[in-house]
Structures are given as C-alpha cells and as structure tokens.
Amino acid sequence: MRITVVGAGLAGAVAARLLVDAGHQVEVFESRENVGGNCFDEWDRGVLVQRFGPHCFHTDKAEVWEFVNRFATFRDPNFCVVANTQLGVIPIPFNDVSAERVGELSPEEIRDLLFVDYSEKHWGIPWAEIPSSITGRVPKRREGRDCRYHLDRWQGIPTEGFTRMFETMLEGIPVHLGCGEDDWRGAKADHVVFTGSLDDYFRRALGTLEYRSLEFEYATEAKREHFQINECNRVNPWTRAVDHSHWLDQDVEWTVIGREYPCEWDGKNVRMYPKPFGGNPERFRRYWEAAKAEQDVTFVGRLATYKYLDMDDVVAQVMLRLGEGKYPMIDKE
Ligand SMILES: Cc1cc2nc3c(=O)[nH]c(=O)nc-3n(C[C@H](O)[C@H](O)[C@H](O)COP(=O)(O)OP(=O)(O)OC[C@H]3O[C@@H](n4cnc5c(N)ncnc54)[C@H](O)[C@@H]3O)c2cc1C
C-alpha cells in the first residue's frame, strides 16, 4: 500500500517506521526544514539545545520504551526542576525538601505559591477563567525527598540528541522537507496519516483551532546549579529557564540558557498548547466528527487530536491506532 505521512515530528516518524516495517511504501511530507517537530534539538555554542522547550522522555510503558530504544541510546539526565517563588527557590513538585525550606503548606497554599501566577502567564488569562479541566490537574503534595520531576520507571534523552534519533527512525524512508499543502495533497497514496492540526486538514472550514505558543530567548551564561527554573511569580515575565548543558551533563564553564515567554499562536509561530476553552472544544468536536468520516486517513499526534500529549503517549497512540486499525502491523508480544 502507498501511504503518505504528513509531518515528521514524533507521531509522523513513528507512523512512518511502523508502516515501512510492515511492508508499506511510505513517503513523509514535512513543512519545516528539519525532522523532529517540537522535539528538535541541535548543537549551539557547544551545547545540545532543545529548541522548542525542555523534552525529557519518560514512560512506564515497556513496549514504548523498547521501541524508542531501537533508534537511540538513552541517558537519564536526572531531570529536576526548581520553582522561583516569593518564599524562595524550592524543588517542584512540592515535596519533603520543599517543606523543609518554606514550611509545610496546605494544598491551597501550594496552589497559590506554585501554580496561580505561573498558569496565568502560561495561559494569558486570570486563574479564575482557566477551566477546571486544567486547574484540577495541579500536582498534589509529593511525599519523600526524590526531587526528580518525573517518577516514571524509564526516562532519558538520546545521547546524540532527539534529532539524530528521528533521523535514524526515518532511515531509508523518503522525507520531503519544506513542503506546502499541495505537495502532500498531490502525492498519490492509498492512505494518509495526518499529524498536523486538524483544522488545517479541513482547510479551516469549521473555524480555527487556537493554541498558546512560546517565544524563546537564548543567552550565553555561566553554568547553573539548577537544570530548570520555573518562574512561579509575577516578577519575571518568562515561565521557565533551562540550562541545556544539563541534558548531557556537559562539564562547561559557559552554557546556553533558554527562556520561554508564553504568547498566543498567531499563525506564524509554533503551535504549542491546545486551548481547551472558549469555542475550541466544540470546534474540535465538530472537526473530529468530520475526521471520523474520512475513509482513508488516520489522524494521530498532539495536533491532529488537539490534545496535550506526552511523547510516550504519542508513541502509544500511533501504535494503537495503526496496530488495531486497518493495518495490524505491530507484534503486541
Ligand atoms: C514546551 C513543551 C515541552 C514539552 N516537554 C515534554 C517532555 O518533557 N516530555 C514529554 O514526554 N513530552 C513533552 N512535550 C510534548 C511533546 O512535545 C509532544 O508529545 C510531541 O512533540 C508530539 O509530537 P507530534 O508529532 O504529535 O507533534 P509535533 O512535534 O508538533 O510534530 C508535528 C510535525 O508535523 C509538521 N506539520 C504540521 N502540519 C503540517 C502540514 N500541514 N504539512 C506538513 N507538515 C506539517 C510540523 O511542522 C511538525 O514537524 C512538550 C511539549 C511542549 C509544547
């Protein structure tokens, strides 16, 4: 079968690999000039810099971990995050170490200290207007002194970076970069795997799905003790600052610090976070109804399903949709 895959981010690359391994003829069409989507990283001033925000692969799903390990050797970066709050710098999620620094806090105090200002900057609206589907997910008090941000069984980043992992995953598969809409719509195919934004597939016929985006600023600064600092305050306008030399534990005097400034998606910057409020949920529901009626198209990934998905969820989603759909190609054993 001839299959067109739209997008060479995680969803597209995994789909292309699985389909080729199952004997299909696959061509990938990517609008950017590089593979990797939002997991894209590159060397900058001697440091491996993740260009679209910090990405640490973490999972409890054995089959997902096995799959990605076919394409890269992973190292655990010991990913820890601290919050810069009005009470000082403390580990986040709030744990026993945080409590030792600022005293024990109630769930409401933790919410006010760590999440209200941060979320208002992130979403660009007052806390009271952020839907409970988001505010209800605020992490609770964590017991113990383990300061790693994720506690999943497996975590890591590829020792040669995510971009190299994607290149390996796509080895031998034709990938067209810098593509416009006509390129993939014009390609001859029996089936399409679409990983772009669902409204783009339907040429915005039912309106625009909105996203939040991020502007990134990079500076050369002295290496920091902390991997990532979340600005849980109103003083600094950015939400996070990442010292990228920590990914590979690079022993450097000078590093690259990336700062993230939340902003609206304006059609030119990158779609980052689906906005599950305003008219978007209903708009998406109508698009999804239309998507289900498309006979020969599979919609996967965070943009096509208009949902924030961690990387392991994206891999699992692609495995599930392609494996249990029309193309039983994944050996579940
Ligand atoms: C700031 C940030 C930090 C994150 N950190 C983590 C983390 O630490 N751990 C974790 O597990 N997850 C993290 N995630 C989630 C992770 O980024 C996603 O799970 C993953 O990138 C989703 O892959 P995707 O292929 O669905 O989407 P993308 O990575 O967005 O890839 C989609 C690709 O398709 C291309 N494309 C779109 N439309 C078209 C079109 N019409 N034609 C051609 N090409 C098109 C895009 O250019 C892009 O390359 C983070 C997300 C964000 C926003």
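Everything quoted here is computed from the prediction, not taken from an experiment.

Draft legend 1. The arrangement of the overall build of the chain in detail. Each helix and strand counted, the chain has ten helices and 17 strands in total. The C-alpha atoms of the chain give a radius of gyration of 21 Å, which matches the 20 Å a tight globule of 333 residues would have. Counting only C-alpha atoms and orienting by the principal axes, one finds that the chain spans roughly 60 × 45 × 40 Å. Taking all 333 residues of the chain together, 54% fall into the buried category. In the chain, the share of contacts with a sequence separation of at least 24, taken over all contacts with a separation of at least 6, comes to 72%. As presented, the chain carries roughly 15500 Å² of accessible surface, and 48% of it is formed by carbon and sulfur atoms.

Draft legend 2. Geometry of helix H1 (residues 10-21). Between its first and last C-alpha, H1 extends 16 Å over twelve residues, near the 16 Å set by a 1.5 Å rise per residue. Across the twelve residues of H1, ten count as buried, placing the element largely inside the fold. Leu10, Ala11, Gly12, Ala13, Val14, Ala15, Ala16, Arg17, Leu18 and Leu19 are the residues of H1 that are buried. Of the residues flanking the end of H1, it is glycine 23, one or two places downstream, whose phi is positive at about 100°.

Draft legend 3. Structural view of the environment of methionine 319. Along the polypeptide, methionine 319 turns up in helix H10 (residues 311-324). Sequence separation between methionine 319 and arginine 137 is 182 residues, and the spatial gap between their C-alpha atoms is 26 Å.

Draft legend 4. Layout of the domain arrangement of the chain. Under the domain assignment, the chain is made up of domain 1 (1-35 + 170-207 + 275-333) and domain 2 (41-161 + 211-274). Centre-to-centre, using C-alpha coordinates, domain 1 lies 27 Å away from domain 2. In this assembly, domain 1 packs against domain 2 so that about 2100 Å² is buried in total across both faces, 65% of it on carbon and sulfur atoms. On the domain 1 side of the contact with domain 2, Lys275, Phe277 and Asp312 bury the most area, a combined 27% of that side's loss. If you look at where domain 1 meets domain 2, you find six salt bridges. Inspection of the domain 1/domain 2 interface yields ten residue pairs in polar contact (both at pLDDT 80 or more). When contributions to the side of domain 1 that touches domain 2 are tallied by element, the ones reaching two or more residues are H1, helix H8 (198-201) and H10. Broken down by element, the residue count for the side of domain 1 that touches domain 2 peaks at six residues, all from H10. Its residues assigned to classes, the side of domain 1 that touches domain 2 comprises eleven nonpolar, one polar and twelve charged.

Thresholds, definitions, all that
- Residues numbered from 1 in each chain as written.
- Predicted model: local features only at pLDDT ≥ 70, side-chain atom pairs only at ≥ 80, totals over all residues.
- Heavy atoms only, no water.
- Helix = DSSP H or I, 4+ residues; strand = E, 2+ residues; numbered from the N terminus.
- Rg over C-alpha atoms; globule rule 2.2 N^0.38 Å.
- Buried < 20%, exposed > 50% of the residue type's maximum accessible area, 1.4 Å probe, protein only.
- Contact = heavy atoms within 4.5 Å.
- Areas by Shrake-Rupley, 256 points an atom, 1.4 Å probe, with all protein chains shown as cover.
- Expected span 1.5 Å × (residues − 1).
- Domains from an automatic or database assignment.
- Buried area = accessible area lost by both parts, 1.4 Å probe.
- Salt bridge = Lys/Arg side-chain N within 4 Å of Asp/Glu carboxyl O.
- Polar contact = N/O pair within 3.5 Å; in protein donor to acceptor, adjacent residues only side chain to side chain.
- Nonpolar A, V, L, I, M, F, W, Y, C, P; charged D, E, K, R; others polar.

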